[in-house]
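Observations on the three-dimensional arrangement
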Amino acid sequence: MAGWREADQASDRLPGTAGDDPSAGPVLALAELERLTGRELERVFFDLLRDPAAQDEVRLPSRPDSARVARRLVLAVLRAWELPHQSEAGELLAAELVANAVRHAGGRTVGLKLARRPGWVRIEVRDSSRALPCMIVAAERGVAENGHGLVLVDAVSDRWGADLMPRGKAVWCELRVRERAV
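Residues numbered from 1 in each chain as written. Predicted model: local features only at pLDDT ≥ 70, side-chain atom pairs only at ≥ 80, totals over all residues. Heavy atoms only, no water.

A word on the confidence of the model for the chain
- Residues of the chain with pLDDT of at least 70 account for 76%, and the chain-wide mean is 79.
- A low-confidence stretch, residues 1-27 stays under pLDDT 50, and its non-local contacts, those more than four residues away or across chains, total 49 contacts. (pLDDT = per-residue confidence, 0-100. Contact = heavy atoms within 4.5 Å.)

Quick look at the packing of helix H5 (residues 87-104) against helix H6 (residues 149-156)
- Contact geometry for H5 and H6: axes closest at 10 Å, N-to-C directions at 150°. Here H5 is positioned roughly antiparallel relative to H6, judged by the angle of their axes. By crossing handedness, the relation of H5 to H6 is classed as left-handed. Contacts between H5 and H6 involve Ala89, Leu92, Leu93, Glu96, Leu97 and Asn100 on the former and, on the latter, Gly149, Leu150, Leu152, Val153 and Val156. (Axes fitted to C-alpha atoms, helices over the stretch in contact; angles between N-to-C directions. Helix = DSSP H or I, 4+ residues; strand = E, 2+ residues; numbered from the N terminus. Parallel < 35°, antiparallel > 145°, perpendicular 65-115°, else oblique. Left-handed = near helix turned anticlockwise from the far one by under 90°.)

Examining the pattern of salt bridges
- Evaluated as defined, the whole model comprises 13 salt bridges.
- For Glu42, the salt bridge is made with Arg72, and the minimal N-O distance between the two is 2.4 Å. In this pair, Glu42 is assigned in helix H3 (residues 38-50) and Arg72 in helix H4 (residues 65-80), connecting sequence segments 30 residues apart.
- Accessibility expressed as a relative area gives 14% for Glu42, which makes it buried.
- Note on Arg72: relative accessible area 23%, which makes it partly exposed.
- With its nearest N and O atoms 3.2 Å apart, the salt bridge here joins Glu57 to Arg126. (Salt bridge = Lys/Arg side-chain N within 4 Å of Asp/Glu carboxyl O. Buried < 20%, exposed > 50% of the residue type's maximum accessible area, 1.4 Å probe, protein only.)

Regarding the packing of aromatic side chains
- Throughout the structure, instances matching the rule amount to zero aromatic pairs.
- Taking the ring centre of Trp120 as reference, the NZ or CZ of Arg159 above it sits at 3.7 Å. (Phe/Tyr/Trp six-rings, centres within 6.5 Å; stacked < 30°, edge-to-face > 60°. Lys NZ or Arg CZ within 6 Å of the ring centre and 35° of its normal.)

Some words on the nonpolar core
- Ranked by size, the top nonpolar core spans 41 residues in total, and within it Phe45, Leu112 and Ile123 carry the most contacts.
- Per element, the largest residue contribution to this core is nine residues, and it comes from H5.
- Aside from chain neighbours lying at most four places away, what touches Leu112 is Leu49, Glu57, Val58, Leu60, Ala70, Leu73, Ile123, Glu124 and Val125. (Core = buried A, V, L, I, M, F, W, Y, C linked by side-chain atoms within 4.5 Å.)

Here we look at the side chain of Ser157
- With respect to the helices, strands and loops of the structure, Ser157 is situated in the loop between H6 and strand S6 (159-165).
- Take Ser157: its relative accessible area is 7%, and that puts it in the buried class.
- From its side chain, Ser157 meets the backbone oxygen of Arg159 in a polar contact 3.4 Å long.
- Setting aside residues up to four positions removed in sequence, Ser157 forms contacts with Leu93, Cys173, Glu174 and Leu175. (Polar contact = N/O pair within 3.5 Å; in protein donor to acceptor, adjacent residues only side chain to side chain.)

Remarks on the environment of Trp160
- Within the element layout of this structure, Trp160 appears in strand S6.
- For Trp160, a relative accessible area of 23% gives the class partly exposed.
- Placed 10 residues apart in sequence, Trp160 and Leu150 show a C-alpha to C-alpha distance of 9.2 Å.
- Residues in contact with Trp160, not counting those within four places in the same chain, are Pro133, Met135, Leu150, Val153, Asp154, Trp172 and Cys173.

Concerning H6
- Taken as a whole, H6 has its buried residues at Gly149, Leu150 and Val153. Here the buried residues of H6 occupy an arc of 95° about the axis, which is enough to place them on one side.
- Residues of H6 that are buried in the fold lie against H5, S6 and strand S7 (168-176). (Arc of directions from axis to C-beta.)

Now the structure itself:
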C-alpha cells in the first residue's frame, strides 16, 4: 500500500512541519503531512509521543479528523505507559483540545505533546493563535451544541491552563496518576 510506504519514509524524520513553526528543526513537509490518513499519522507519531523523555511535539494537520487521531494516539501512549485507568479521560481531553484548536486557531497545523512526570500526565495542544481560550459556563440547555469544550476539560482534568508562546499558544491539561509501588 503506497500510503504506508509514505508513512514509513516520513517516520524517518522528525515529525514537525514546515507549516506554522520553522524553528521546529528538521521537518516533514506540510503537503506530505496533509496527504497522510489518520491511521498513517498515528503510525508515524506514536513512537515519538510514547517516549516520556521526548521534548518534541508532533504536528497534526488542522482538520477535523485530527481530533480523532489525537484521541487514538493518547489512548495508545497511555496504554504503553501502563496507565489504562487514565485512558478514557486522556482521549476525551486530547480530542477536545485538538478540536478547539482546529475550530478556532486558523493555523495549518496543531501541535500535540504528551509529558509524564511523577504523579502527573500532561496533554498539551499548541496552535498559531495568540488568542487565549475562554470558558463558556452559562447557556440554555439544548440551545448551543458547541462552545462547552473547556467546561468539559475543566470537569475532567485535575488542572488546565493556557500559556502564550512566541508563536501562538499552548493549551494544556493534567491528570493526576497514582504511581505503582515497586
